[in-house]
Amino acid sequence: MKAFKRTTVTAALPYANGPKHIGHLAGAYIPADVYVRYLRSQGRDVVFVCGSDEHGTAIPNQAVKENTTPRAIIDKYHVQMRDCFQKLGIAFDIYHRTSEALHHQTSQEIFLALFNKGLLNEEVSEQYYDDEAKLFLADRYIVGTCPKCGNPNAYGDQCEKCGSSLSPRDLINPRSTITGNVPVLRETKHWYLPLEQYEGWLKEWILKGHADDWKTNVYGQCKSWIDAGLQPRAMTRDLNWGIKVPLPDAEGKVLYVWFDAPIGYISATRAFFEEMSSGKLVYAQPQRKFGPVAADDWKKYWQDDETKLVHFIGKDNIVFHCIIFPIMLHAHGEFIVPDNVPANEFMNLEGDKMSTSRGWSIEMHEYLEDFPDKPDVLRYSLLTNLPETKDSEFTWKDFQTRNNSELVNIFGNFVNRALVLTQKNFNNQVPVKGALQPIDEAVIAALREQPGRIAEALEQYRFREATAALMDLARLGNKYLADTEPWKLVKNEGNLERVGTILHIALQIVANLAIAAEPFLPFSAARINEMLNLKTSHWTDAGSDTLLAEGHELGVSSLLFEKIEDEVIARQLEKLHAKKASMNPVAHTVTPLKNEVTFDDFAKLDIRVGRVLTAEKMPKSDKLLKLTVDTGVDKRTVLSGIAKHYTPEEMVGKQVTLIANLAPRKMMGIESQGMILMAEDGDGKLRLLQPNEVVMPGAVVS
RNA sequence: GGCGCGGUAGCUCAGUUGGUUAGAGCACAGGAUUCAUAACCCUGAGGUCGGGGGUUCAAAUCUCCCCCGCGCUACCA
């Protein structure tokens, strides 16, 4: 194990196109924060950076949806996310944003460095350009007639009618969706990063170098990508929202959002040290003493191989953080690459995938509105159930149980017992520690060991285990009190010294709990310290049985956690279901009306009703069914992508509507002679189009 | 279909250089107790370790086949 001088920790830059939910917290932000708080408590040199990811096509798209500007979108969600993180105790040293000038500059510098080293391949291709809007049109912004099915409103990347994947050049009579004009073909240049040239390096670095210390899910995913073979990837896009490509003749071109987003970590670090050195803090919120710093100290955190770089992300980001971004950094030559990328899997919610757009989610701001005084409860319930090795599941019931039977009954209760007993019997002062009995020695020994257990788990990114080890410390306290029964002894005045010794030790455990809990439950840890009238201590003191001096005056105590009643949980469940129901009509935006066609256009299609004679699953395909259809005029083979919606058995005998004169098309080695018409429901389900009474095979639709 | 990850007690999960009666927390049952938010503490019950073959003195762990979940990927005319 390499010894590092300092650590740079990043948490995935949240995309500023909407609110972020508790699954994101469980995936990246909470574990990252716990890890960093622990390092800080140890006095280690660490910087924790994050920020809003504000580029990419989805931002302008969201602006259209909300009927506003991209700028307004990113401002709105940047502030919302920043505030939520803060309220949840996610303590970044800086929460930056990729729309900042410094980030544009940093991204351009890195792009230019790669360019100047000749590491980017320039490729020119012809793409559609809108003269009036003066921009190249992304595939989605071009419509035209589908060459395959004649649909006049096919998109540049896909015909939604026949499902063909297209490229804009395939479209007949293309038009721009922005101005409606006919776009012209214009040559456009893009810059590609030849990922495949780094396969050897990746194999050495990841497959050999990190076989033991990376999580199996991360390692496996990387291996899968590397083994499958990498392709050159365009690092630029024709778009008017993003970071300008810093080259001549690159008008209207921006950096690919996945090129600039991870650089956001670097920019954030750079911004942090620039602000710290200038004394003008805008985004920086240093969470520890950094001492005097220089503006370019950020380089130490990114370019010194004695720095340990750790990316906390969800599993959807693995390829970017383990393959593409490291290649960028490695190719550049001056940067270090991550030592670990402890990506988590996904957290489901009440039996279904979490999804903001489907309304099946608990957004950070929603939780905070309903439970403004309970950030630690959410942190704890997520921590005990992080999707570390596989997808996990959040339920409100489990949230309640974690709160009631662990935070309240075990943790809060122990703290309260120790404090109340001291108030009642020792005037709220730390009693004198007298002669120790074997049970005291044993509990002190256990106390000394426990922080090491927590630390060991944290060093290995095992947060669930670490959280459990924290709770064990409170259990130790409860058991000690139960075993020594000071409330019984106190009835006999001769035992007062003995009772004092017991409570003295119990209070030392409470003080330790504040240290050990700080990374996990920072708000509660601070409250314990207040109740003990104690300044914050550090991990280096953890395990000590002399944190509180004899005679020390304690503060005012109150309950750390309160029970959550069944009604509160029931209300949340109702709220969740109501939200999902209310989202449905919105989520399924109805496809806009297509352009007018003439009767002649329509008449070209031979649409008729047929009957399915046989149906079987296409071998080696998940989606295709191979059908034999009686069309009245013949019996023919039609392939249809409905295997996820209908079984072969239920298709046999069914009447179907088909386009009988569609040009045959070969798929997976078999020719399909026609196309079955389906209606796609809002949830993506496909349903057959049938006459409402049985008609003869071959009946013409008109 | 291919590739990757996972399938262990009612629930959430530990446990792979193969080795004594497979673990934890929660939930459940019984007991003890009353300082504490009816909490704590003790005891107990509960598992064909997805299924089946194989290697071995010995398999949750290695191997092969199959089933299920998740992700990536191919096929939606």
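Our subject is the structure that appears above.
Here is a short report on the structure shown in this document. What you see is a predicted model; the values in this text were computed from it and never measured.

**Structural notes on the overall build of chain A**
And step 1. If you tally the helices and strands in chain A, you get 20 helices and 24 strands.
And step 2. Seen along its three principal axes, the alpha-carbon backbone of chain A occupies a region of about 105 × 65 × 45 Å.
And step 3. Residues classed as buried in chain A amount to 52% of the 702 residues present.
And step 4. When contacts within chain A are restricted to residue pairs at least 6 apart in sequence, long-range pairs at least 24 apart make up 73% of them.
And step 5. Accessible surface, chain A as shown: approximately 31800 Å² in total, 50% of it carbon and sulfur.
And step 6. Taking the 80 positively charged and 92 negatively charged side chains of chain A as two groups, their mean positions are separated by 2 Å.

**Comments concerning the pattern of salt bridges**
And step 1. Applying the stated criterion to the full structure yields 40 salt bridges.
And step 2. Note that Arg-358 and Asp-352 form a salt bridge whose closest N and O atoms lie 3.7 Å from each other.
And step 3. A relative accessible area of 29% places Asp-352 in the partly exposed class.
And step 4. Salt-bridge contacts for Arg-475 lead to Asp-472; the nearest nitrogen and oxygen are separated by 3.2 Å. A residue pair is termed a helical-turn pair when its members lie 3 or 4 positions apart in one helix, as Arg-475 and Asp-472 do in helix H14 (residues 463-484) at three residues.
And step 5. Under the relative-accessibility criterion, Asp-472 is labelled partly exposed at 36%.
And step 6. Among the ionic contacts, a cluster of salt bridges with common partners joins Arg-6, Asp-45, Arg-288 and Asp-304.

**Looking at helix H17 (residues 522-532)**
And step 1. Pro-522, Ser-524, Ala-525, Ile-528, Asn-529, Met-531 and Leu-532 are the residues of H17 that are buried.
And step 2. Those residues of H17 that are buried are in contact with helix H1 (22-41), helix H11 (375-383), helix H12 (396-426) and helix H16 (496-517).
And step 3. Taken from the residues just after H17, Asn-533 is the one with a positive phi, measuring 55°.

**A few points about the sheet that holds strand S18 (residues 635-640)**
Strand pairing in a sheet relies on backbone hydrogen bonds, with the paired strands running either antiparallel or parallel.
And step 1. Taken together, five strands build an open sheet; the order of strands is S18-S17-S16-S19-S22 and the sheet is antiparallel. Single-partner strands in this sheet number two, and they are S18 and strand S22 (675-676).

**Quick notes on H14**
And step 1. For H14, which comprises 22 residues, the first-to-last C-alpha distance of 32 Å matches the rise-based estimate of 32 Å (1.5 Å per residue) to within 8%.
And step 2. Immediately downstream of H14, the backbone of Glu-485 shows phi near 45°, a positive value.

**Quick notes on the nonpolar core**
And step 1. Within the largest apolar cluster, 177 residues are counted, with the highest numbers of intra-cluster contacts made by Leu-25, Tyr-29, Ile-206, Phe-259, Phe-394, Phe-411 and Leu-532.
And step 2. The biggest single contributor to this core is H16, with 14 residues.
And step 3. Residues contacting Phe-411, with those up to four places away along its chain left out, are Glu-406, Leu-470, Met-471, Ala-474, Leu-513, Ala-517, Leu-521, Ile-528, Leu-560 and Phe-561.
And step 4. Membership of the second largest hydrophobic core comes to 15 residues, among which are Ala-615, Leu-625, Met-651 and Leu-688.

**Digging into the packing of aromatic side chains**
And step 1. Summed over the entire model, instances satisfying the criterion amount to 31 aromatic pairs.
And step 2. Look at Tyr-29 and Phe-85: their rings are 4.7 Å apart centre to centre, the planes differ by 45°, and that puts the pair in the tilted class. Of this pair, Tyr-29 sits in helix H1 while Phe-85 sits in helix H3 (residues 70-87); the two residues are 56 residues apart in sequence, bridging distant segments of the chain. As far as burial versus exposure is concerned, Tyr-29 and Phe-85 are alike and both buried.

**Observations concerning the sheet that holds strand S3 (residues 94-97)**
And step 1. Ordered in space as S3-S2-S1-S13, the four strands form an open sheet in which the pairing is parallel. Two strands in the sheet have a free side with no partner beyond their single neighbour: S3 and strand S13 (307-312). Taken pair by pair, the neighbouring strands of this sheet meet at an average axis angle of 25°, ignoring direction.
And step 2. The pairing of strand S1 (residues 6-11) with strand S2 (residues 45-52) spans five bridges and is parallel. Considered in S2, the bridge of Thr-8 is made with Val-47.
And step 3. Strands S2 and S3 of the sheet are contacted by H3, whose axis makes an angle of about 170° with S3.

**A word on the side chain of Thr-106**
And step 1. Mapped onto the secondary structure, Thr-106 falls in helix H4 (residues 101-116).
And step 2. Residue class for Thr-106 comes out buried when judged on its relative accessible area of 2%.
And step 3. Within the structure, the side chain of Thr-106 is placed 2.7 Å from the backbone oxygen of Leu-102, a separation counted as a polar contact.
And step 4. If near-sequence neighbours (up to four positions away) are discounted, Thr-106 is found in contact with Ile-263, Ile-266, Ser-267 and Arg-270.

**Description of the environment of Glu-66**
And step 1. Position of Glu-66 among the secondary structure elements: in the loop between helix H2 (58-65) and H3.
And step 2. Considering only alpha carbons, one finds Glu-66 and Ile-266, 200 residues apart in sequence, at a separation of 31 Å.
And step 3. Each residue touching Glu-66, except ones within four places of it in the same chain, is listed here: Ile-73, Lys-76 and Tyr-77.
And step 4. Within polar-contact distance, the side chain of Glu-66 engages the side chain of Gln-62 at 2.8 Å.

**Structural notes on the packing of helix H6 (residues 216-228) against helix H9 (residues 318-332)**
And step 1. It is at 10 Å that the axes of H6 and H9 come closest, and there the two elements cross at 60°. When the axes of H6 and H9 are compared, the pair comes out oblique. As H6 runs across H9, the sense of the crossing is right-handed. In this structure, H6 contributes Asn-217, Val-218, Gln-221, Cys-222, Trp-225 and Ile-226 to the contact, and H9 contributes Ile-318, Val-319, Cys-322 and Ile-323.
And step 2. Of the residues in the contact of H6 with H9, the class split is eight nonpolar, two polar and no charged.

Here is what the cut-offs are and how they apply
Residues numbered from 1 in each chain as written. Chains lettered and ligands numbered in written order. Predicted model: local features only at pLDDT ≥ 70, side-chain atom pairs only at ≥ 80, totals over all residues. Heavy atoms only, no water. Helix = DSSP H or I, 4+ residues; strand = E, 2+ residues; numbered from the N terminus. Buried < 20%, exposed > 50% of the residue type's maximum accessible area, 1.4 Å probe, protein only. Contact = heavy atoms within 4.5 Å. Areas by Shrake-Rupley, 256 points an atom, 1.4 Å probe, with all protein chains shown as cover. Lys, Arg positive; Asp, Glu negative; His and termini not counted. Charge placed at Lys NZ, Arg CZ, Asp CG, Glu CD. Salt bridge = Lys/Arg side-chain N within 4 Å of Asp/Glu carboxyl O. Pairing = 2+ DSSP bridges. Expected span 1.5 Å × (residues − 1). Core = buried A, V, L, I, M, F, W, Y, C linked by side-chain atoms within 4.5 Å. Phe/Tyr/Trp six-rings, centres within 6.5 Å; stacked < 30°, edge-to-face > 60°. Axes fitted to C-alpha atoms, helices over the stretch in contact; angles between N-to-C directions. Polar contact = N/O pair within 3.5 Å; in protein donor to acceptor, adjacent residues only side chain to side chain. Parallel < 35°, antiparallel > 145°, perpendicular 65-115°, else oblique. Left-handed = near helix turned anticlockwise from the far one by under 90°. Nonpolar A, V, L, I, M, F, W, Y, C, P; charged D, E, K, R; others polar.

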